[in-house]
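# Topology and contacts: notes
For reference, the chains in residue letters:
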Amino acid sequence: SGLARVPWAGLVNLVAEREVAPERLQHRATPKRLAALLLDLVEPASRAAAEQRVTLAAVRRRLGSPGAATRVADLVEEFMG
């Protein structure tokens, strides 16, 4: 059918195969939840921010040199089976 169920909407999360960038969509996007997530991430010394930096670096290594859009498309196609 061309549609796939995926656990995340964000491309960085799909490439990382885990939630790197918090996703709070629709009813989960409340001001209180968003504020809590953002406060953790903007504090450079927080565990959440440190973990996000490490995982984003891994995503960057996985994507490699320029031409990442094509490689991401290949990864998404592979993920969808």
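These numbers were taken from a predicted model, which means no experiment stands behind them. The residue numbers shown here count from 1 along each chain, following its written sequence. Local features in this predicted model are restricted to residues whose pLDDT is 70 or higher, and side-chain atom pairs enter the listing and the counts only when it is 80 or higher, whereas totals over whole chains, interfaces and linings include all residues. Note: side-chain values were computed over all heavy atoms of the structure, leaving out hydrogens and water.

On to the pattern of salt bridges, then. Within this document, salt bridges are pairs made up of a side-chain nitrogen of Lys or Arg and a carboxyl oxygen of Asp or Glu, the two lying within 4 Å of each other. Scanning the model with the defined rule gives three salt bridges in all. Taking the shortest distance from any N to any O, the salt bridge between glutamate 51 and arginine 18 comes out at 2.7 Å. Taken together, the positions of glutamate 51 in helix α3 (residues 47–63) and arginine 18 in the loop between α1 (11–16) and α2 (31–42) put the pair 33 residues apart, joining distant regions of the chain. Of the charged contacts in the structure, one is a salt bridge between glutamate 19 and arginine 24, with a shortest N-O distance of 3.2 Å. When a residue's accessible area, from a 1.4 Å probe over protein chains only, is under 20% of the maximum for its type it is buried; when over 50% it is exposed; and in between it is partly exposed. Look at glutamate 19 and you get partly exposed, because its relative accessible area is 33%. Each helix is a run of DSSP H or I of at least 4 residues and each strand a run of E of at least 2, with the numbering of both proceeding from the N terminus.

By the secondary structure assignment, threonine 55 is in helix α3. A residue is classified by how much of its surface remains accessible, and threonine 55, at 9% relative accessible area, is buried. Any pair of residues with heavy atoms lying within 4.5 Å of one another is described as a contacting pair. Setting aside residues no more than four positions away along its own chain, threonine 55 makes contact with Ala16, Arg18 and Val20.

As a further point, take α3. Expected span of a helix, by definition, is 1.5 Å for each gap between consecutive residues, and there is one gap fewer than residues. Under the 1.5 Å per step criterion, the end-to-end length of α3 is 24 Å for 17 residues, consistent within 8% with the ideal 24 Å. Buried within α3 we find Ala49, Gln52, Thr55, Val59 and Leu63. For α3, the arc enclosing every buried residue in end-on projection is 130°, short of the 170-degree limit, so these residues lie on one face. Facing away from the buried side of α3 by over 90 degrees, the exposed positions are Arg47, Val54 and Arg61. Against the buried residues of α3 lie α1, α2 and α4 (68–80). One or two positions beyond α3, positive phi appears at glycine 64, with a value near 75°. Here the arc refers to the directions that run from the helix axis out to each C-beta atom.

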